[in-house]
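Reading the structure
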Amino acid sequence: MIYFDSAATSWPKPPQVWQAMEHCIKFVGANPGRSGHQMAVKAGRLVDEARELLSLLFNIANPDRIVFTLNATESLNLAIKGLLKPGDHVVTSSMEHNSVTRPLHVLQGKGVDVSKVACSGDGGIKVADIENAFKPNTAAIVITHASNVTGTLMPVAEIGRLAKRKKLKFIVDAAQTVGVFNIDVPFMNIDLLAFPGHKGLFGPTGTGGLYISEGLELTTLKEGGTGSMSHIPGQPDVLPERYESGTLNSVGISGLAAGLKFIRDEGSEKIRQHEMGLTGRFLKGAEKIKGLKVYGPAELYERAPVVSFSLEGKNSGQVGTVLDQQYNIACRAGLHCAPDAHRTLGTFEKKLVRFSFSYFNKEEEVDFAIRSLAEIAAIPPEKFNKKDDKSCGC
């Protein structure tokens, strides 16, 4: 299998990841932070190690400001719903994932005013347009670091400076960039950074986190046992316990820590250069395929390693199915949980096929995919498309 779906979750994982998880479940299977015996202490140390590795990656001074979650979606829900109150105004973009747009949609029904700034045809956004959307009651900006459809990189550092100047909270969705692109929280003036553990950090599914800046308090999404201050009726005020009710996924977090060590040892610059090299190789090859249209920025430096495209006259869902069943290429076809992005691109009806590359992909895999797409492009549409095709994984 040629796996080009790392924007959904990275695969394969470094061997160190599953080895760390196996070791944890065999020898460190206790509940972290809940008991004082040796196994519980070891489990707690594993969790603390992951927190410290993340703080180094993001240049965060206090590791306790990083809260573990199940994924970036849970992190964004905590950030958005925990921060915004009825009467607040928030600015976001038209390229956001549903993990941003759906919580905001719910809050709109509860009195939060939402402005979606229209992005350009390649998915880019102008900082001036964000500023022009501000109102007297604007409380925050919520934006993705890179589109999960086009890979378009947003000017996060510049937006962060704007947010700081206007004294607004800045929420960043780093689902497509964490582990690949440099994210410096203080330099970018990020107040809330949501990230998954299972994509660019090479951890398992069921892992993720939210950085919460110093002095910022969110309304909790859940309450319960935290292993500390059990005598009080409400949630503890201290972090990370305030937002980590219930037993943590210590097995998954041990795998995440191993993924973080892999990135540290390999070097994020080396990882980025490889993934972007594959992206550039695909884009160059795609130019030679008649009827293939790539969406997103023309310049490689404006992208993450995510490419979406269409083949003229061919159903995107069917293209994805053929790539899977006949060429053994795993990709994603559909709306990619980002309908606003597809409306921005003008592809809401026809949808797109997405390739997303990983550190473990090879140049020869990209070359094979190019040849495969050229063969598919050459098939007459009337012999290719199926009526009422439902294979598009929206």
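Throughout this description, residue numbers start from 1 for each chain and increase along the sequence as written. Two thresholds apply to this predicted model, a pLDDT of at least 70 for residue-level local features and 80 or more for giving and counting side-chain atom pairs, whereas whole-chain, interface and lining totals are computed over all residues. Water and hydrogen atoms were dropped before computing side-chain values, which therefore reflect all heavy atoms in the structure.

1. Thoughts on the packing of aromatic side chains
- Paired rings are identified among Phe, Tyr and Trp, the last through its six-membered ring, by centres lying within 6.5 Å, and are further divided according to the angle between planes into stacked (under 30 degrees), edge-to-face (over 60) and tilted (the rest). Throughout the structure, instances matching the rule amount to 15 aromatic pairs.
- Ring centres of F262 and Y359 lie 6.0 Å apart, and the angle between their planes is 70°; this geometry places the pair in the edge-to-face category. With F262 in helix α8 (residues 250-266) and Y359 in the loop between β13 (352-356) and α12 (363-377), this pair connects stretches of sequence that are 97 residues apart. The same class applies to F262 as to Y359, namely buried.
- Members of the aromatic cluster, each reached through a chain of ring pairs, are F4, F282, F309, F355 and F357.
- In our convention, an over-ring charge means Lys NZ or Arg CZ found within 6 Å of a ring centre and within 35 degrees of that ring's normal. The ring of F384 has K314 lying over it, and the distance from NZ or CZ to the ring centre is 5.8 Å.
- Taking the ring centre of F348 as reference, the NZ or CZ of R343 above it sits at 4.4 Å. Only DSSP runs of H or I covering at least 4 residues are called helices, and only runs of E covering at least 2 are called strands; the numbering of each starts at the N terminus. Think of it in three bands: with a 1.4 Å probe and only protein chains considered, a residue is buried below 20% of the maximum accessible area for its type, exposed above 50%, and partly exposed in between.

2. Comments concerning empty space enclosed by the protein
- A cavity here means a set of 1 Å grid points, computed over protein atoms only, where a 1.4 Å probe fits but cannot escape. A pocket is an open set with protein on both sides within 12 Å along at least 5 of 7 lines, and lining residues have an atom within 4 Å of a point. Grid points are joined across faces, edges and corners, and a volume is the space filled by probe spheres set on the points. Counted by the stated rule, this structure contains 1 cavity of 30 Å³ or more.
- Approximately 150 Å³ is the volume attributed to the largest cavity.
- Along its surface, the largest cavity is lined by 17 residues, and S6, V180, G200, E275 and F357 are the ones closest to its centre.
- Residues belonging to the lining of the largest cavity are distributed by class as follows: 8 nonpolar, 7 polar and 2 charged. Polarity classes work like this: nonpolar for Ala, Val, Leu, Ile, Met, Phe, Trp, Tyr, Cys and Pro, charged for Asp, Glu, Lys and Arg, and polar for all others, with Gly in that last group.

3. Focus on unusual backbone geometry
- Cis rather than trans, the peptide bond between W11 and P12 has omega equal to 0°.
- Relative to the elements of secondary structure, P12 occurs in the loop between β1 (2-3) and α1 (15-27).
- Note that the residue after L239, namely P240, is joined by a cis bond; omega there is 5°.
- Among the structural elements, P240 can be located in the loop between β8 (208-212) and α8.
- The backbone of K167 shows a phi angle near 60°, a positive value even though the residue is not glycine.

4. Topic: the pairing of strand β2 (residues 66-69)
- The alternating pattern of β2 places I66 and F68 on one face and V67 and T69 on the opposite face, and all of these are buried.
- Two strands form a pair only when DSSP identifies at least two bridges running between them. With 4 bridges joining them, β2 and β8 adopt antiparallel strand pairing. Opposite V67, over in β8, you have L210 as the bridge partner.

5. Re the layout of surface pockets
- In this structure, the largest pocket spans a volume of roughly 380 Å³.
- Residue lining of the largest pocket: 20 residues in total, with G33, D48, R51, P240 and E241 positioned closest to the centre.
- Taken together, the residues of the lining of the largest pocket sort by class into 7 nonpolar, 6 polar and 7 charged.
- Size it by volume and the second largest pocket reaches roughly 290 Å³.
- A7, H97, A175, Q176 and K199 are the residues nearest the centre of the second largest pocket, which is lined by 23 residues in total.
- At 3 residues, the largest contribution of residues to the lining of the second largest pocket is made by helix α3 (residues 72-83).
- Residue composition of the lining of the second largest pocket, by class: 9 nonpolar, 10 polar and 4 charged.

6. Side note on helix α2 (residues 38-58)
- Helices are assigned an expected span. That span is 1.5 Å times one less than the residue count. An ideal rise of 1.5 Å per residue puts 30 Å on 21 residues; α2 measures up with 31 Å between its terminal C-alpha atoms.
- Taken as a whole, α2 has its buried residues at A40, A43, G44, V47, A50, R51, L53, L54, S55 and F58.
- Any two residues whose heavy atoms approach within 4.5 Å are treated as being in contact. Of the surrounding secondary structure, the elements contacted by the buried residues of α2 are β2, α7 (185-188), β7 (192-196) and α8.
- Positioned one or two residues after α2, N59 has a phi angle of 60°, which is positive.

7. Focus: the nonpolar core
- Buried residues of nine kinds, namely Ala, Val, Leu, Ile, Met, Phe, Trp, Tyr and Cys, make up a nonpolar core once their side-chain atoms join them within 4.5 Å. If you look at the biggest cluster of nonpolar residues, it comprises 54 residues, and the most contacted ones within it are F58, I130, F170, I190 and L193.
- The element best represented in this core is α8, accounting for 6 residues.
- Look past the residues within four positions of L193 in its chain and what remains in contact with it is F58, V172, A174, I183, V185, G209, L210 and Y211.
- In this structure, F282, I289, V319 and Y327 belong to the second largest nonpolar core, which totals 27 residues.

Remember that the coordinates give geometry; whether it matters functionally is a separate question.
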